[in-house]
Amino acid sequence: MSLATRNGTPSVDAPVNPPTVVRQRRVRPGLLGLAVLLIALGGLGAAFAVTSVRATGSYLAVARPVEVGREISAADLVTVQVAGGQGLRPVPAARLDEVVGKRAAVALLPGTLLTLGQVTDDPLLGPGQQQIALGLKTAQVPARELHPGDKVLLVSTPDNDADAEPAAAGTRFAATVIDMVSPANDDKVLYLALLTRDVPAVVALAAQERLAVVLTEAA
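Quick caveat: nothing in here was measured; it's all calculated off a predicted structure.

Caption draft 1: Layout of the overall build of the chain. Broken down by element type, the chain carries 3 helices and 11 strands. The helix and strand sequence of the chain, counted from the amino end, reads β-β-α-β-β-α-β-β-β-β-β-β-α-β. Split into buried and exposed, the 219 residues of the chain put 25% on the buried side. Contacts spanning at least 24 positions in sequence make up 65% of the contacts within the chain whose residues lie at least 6 apart. Accessible surface for the chain amounts to roughly 14,900 Å². Of this, 58% is attributable to carbon and sulfur atoms.

Caption draft 2: Local environment of the nonpolar core. Leu134, Leu154, Leu190, Leu192, Leu194 and Val202 are the most contacted members of the largest nonpolar core, which has 19 residues in total. Elements represented by at least two residues in this core include exactly β7 (129–136), β8 (151–156), β9 (172–181), β10 (188–195), α3 (199–207) and β11 (211–217). By residue number, the principal contributor to this core is β9, which donates 4 residues.

Caption draft 3: Representation of the pairing of β10 within the structure. Bridge count between β7 and β10: 8 bridges; the pairing is antiparallel. Of the residues in β10, the one forming a bridge with leucine 136 is lysine 188. Two elements, β9 and β10, share 6 bridges in a ladder whose sense is antiparallel. By the bridge assignment, valine 177 is partnered in β10 with leucine 192.

Caption draft 4: Spatial organisation of the sheet that holds β9. Here we have 5 strands laid out as an open sheet, ordered β7-β10-β9-β8-β11, and antiparallel in their pairing. The open sheet terminates on both sides in strands that have one partner only, identified here as β7 and β11. Adjacent strand axes in the sheet meet at a mean angle of 40 degrees when their direction is disregarded.

Caption draft 5: View of the environment of leucine 77. Looking at where leucine 77 falls in the secondary structure, it is placed in strand β4 (residues 77–83). Residues leucine 77 and valine 66, spaced 11 residues apart in sequence, show a C-alpha to C-alpha distance of 9.8 Å. Apart from residues no more than four positions distant in its own chain, leucine 77 is found in contact with Leu60, Ala61, Val62, Ala63, Ile72, Leu96, Val99 and Leu114.

Conventions and cut-offs
- Residues numbered from 1 in each chain as written.
- Predicted model: local features only at pLDDT ≥ 70, side-chain atom pairs only at ≥ 80, totals over all residues.
- Heavy atoms only, no water.
- Helix = DSSP H or I, 4+ residues; strand = E, 2+ residues; numbered from the N terminus.
- Buried < 20%, exposed > 50% of the residue type's maximum accessible area, 1.4 Å probe, protein only.
- Contact = heavy atoms within 4.5 Å.
- Areas by Shrake-Rupley, 256 points an atom, 1.4 Å probe, with all protein chains shown as cover.
- Core = buried A, V, L, I, M, F, W, Y, C linked by side-chain atoms within 4.5 Å.
- Pairing = 2+ DSSP bridges.
- Axes fitted to C-alpha atoms, helices over the stretch in contact; angles between N-to-C directions.

Listed below in structure tokens is the structure:
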């Protein structure tokens, strides 16, 4: 490159900047292989995630609380869609008829998946027992709610009739709670497993409203 000068002085060549040399970055084979591996693993992970999401099934879940020993109805259950679920072993919705009518082996909580281990066919009445239902006032039961499996004593209370014989007062009958229902009037209906030989006496005392319930062992 030449620069012109005044007064006829010959042109002088200007200094030229040397060209910039760009060094090429060298890629290490190990890093390249690692990058390829990570890309491949990422693709496999995405494919697995998509497959898991798509592998949904219809299963039974608990719609409302079911106490231990209570018979399960269709209204107690709801069908839900679950993605994946391996290892949980929930009951498929198609097996609803196999579950309805069985009893809860454990307390069933709303929002949880139902498994076959939570239901049972075992009868709640033992040998020589019968089931009775007692209509009781709230003050006659030891707690707001008795639960299936609770052990109770039915204790006879004194007769208000002055002419009645006092021998029956204080008689005790051992029983096991099958269920308890609270009607709208706030009374209690208590379903009990009772020895067959005790049933007549307990029914007679219940008709006279001469029974008190004592909780001896919680389930």
